[in-house]
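# Observations on chain architecture
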Amino acid sequence: VPVLFKQPLENKEMEEGKSVSLRCELTKADATVVWKKGEATLQASAKYEMKQKGTVAELVIHNAEPEDA
């Protein structure tokens, strides 16, 4: 059975230099989630924090900049 989005990502506005959190809900708990910006796969770092608990996957972007859009 394929994993689907129960709750897709929503656009967020944020203030430059602040942190922003993007969340989505999946139909299957602990499914593998890959976060991408265009074709580039994001890796966990001081800037990007990836969290997942059950069916909810979250990407936190620290010190957000216009280029993070």
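Our structure is the block above this text.
First, a word on what this report is: a plain description of the structure on this page. Once a new chain begins, its residue numbering starts again from 1 and follows that chain's sequence as written. Local features in this predicted model are restricted to residues of pLDDT 70 or higher, and side-chain atom pairs are both shown and tallied only at a pLDDT of 80 or more, whereas totals for entire chains, interfaces and linings draw on every residue. Each side-chain value is derived from all of the structure's non-hydrogen atoms; neither hydrogens nor water enter the calculation.

The next subject is the sheet that holds strand β5 (residues 48–53). Pairing between strands requires that DSSP locate at least two bridges from one strand to the other. Starting at the N terminus, helices and strands are each numbered in turn, a helix being any DSSP run of H or I of at least four residues and a strand any DSSP run of E of at least two. The antiparallel open sheet is built from 4 strands, whose spatial order is β1-β2-β6-β5. Strand pairing shows two members of the sheet lacking a second neighbour, β1 (5–7) and β5, which therefore form its edges. Across this sheet, the average inter-strand angle for adjacent strands is 30°, counted without regard to direction. Sheet topology places strand β2 (residues 20–26) next to strand β6 (residues 56–61); 6 bridges connect them, and they run antiparallel. Residue pairing for β6: leucine 22 is matched across the bridge by leucine 59. Angles shown run from 0 to 180 degrees and are taken between the N-to-C directions of axes, each axis being a line fitted to C-alpha atoms and, for helices, limited to the stretch in contact.

The cut-offs for exposure are 20% and 50% of the maximum accessible area for each residue type, with area from a 1.4 Å probe on protein chains only; residues under the lower value are buried, those over the upper are exposed, and the others partly exposed. For β6, the tally of buried residues reaches 5 of 6 residues, placing the bulk of the element in the interior. Summarising the sheet, β5 and β6 pair through 6 bridges and their orientation is antiparallel. Across the sheet, the residue bridging to lysine 51 is glutamate 58, located in β6. Where β5 hands over to β6, the hairpin turn is made up of 2 residues, of which glycine 54 adopts a positive phi near 60°.

Throughout this description, the term nonpolar core refers to a set of buried Ala, Val, Leu, Ile, Met, Phe, Trp, Tyr and Cys residues connected via side-chain atoms within 4.5 Å. In this structure, Val20, Leu22, Cys24, Leu26, Ala31, Trp35, Leu42, Tyr48, Ala57, Leu59, Ile61 and Ala64 together form the largest nonpolar core, which totals 12 residues. Elements that contribute at least two residues to this core include exactly β2 and β6. Here this core takes 4 residues from β2, the largest share from any one element.

Quick look at the layout of surface pockets now. Lining residues are those with an atom within 4 Å of a point, where the points come from a 1 Å grid over the protein atoms alone and group into cavities, where a 1.4 Å probe fits but cannot get out, or pockets, open sets with protein on both sides within 12 Å along at least five of seven lines. Grid points are joined across faces, edges and corners, and a volume is the space filled by probe spheres set on the points. Here the largest pocket defines a volume of roughly 610 Å³. Together, 30 residues line the largest pocket, and Leu9, Leu22, Trp35, Leu59 and Ile61 are the ones closest to its centre. The element best represented in the lining of the largest pocket is β2, accounting for 4 residues. Residue classes follow a fixed rule: Ala, Val, Leu, Ile, Met, Phe, Trp, Tyr, Cys and Pro count as nonpolar, while Asp, Glu, Lys and Arg count as charged, and any other residue, Gly among them, counts as polar. The residue inventory of the lining of the largest pocket, partitioned by class, reads 20 nonpolar, 2 polar and 8 charged.

Now for the environment of serine 45. With respect to the helices and strands, the residue serine 45 is situated in the loop between β4 (40–41) and β5. Look at serine 45 and you get partly exposed, because its relative accessible area is 42%. Along the chain, serine 45 and isoleucine 61 lie 16 residues apart, while their C-alpha atoms are 9.6 Å from each other. By the criterion applied in these results, polar contacts are pairs of N or O atoms within 3.5 Å in which, for protein atoms, one can donate a hydrogen and the other can accept it, and in which residues neighboring in sequence qualify only through two side-chain atoms. Within the local environment of serine 45, its side chain forms a polar contact with the backbone nitrogen of lysine 47, the two atoms lying 3.2 Å apart.

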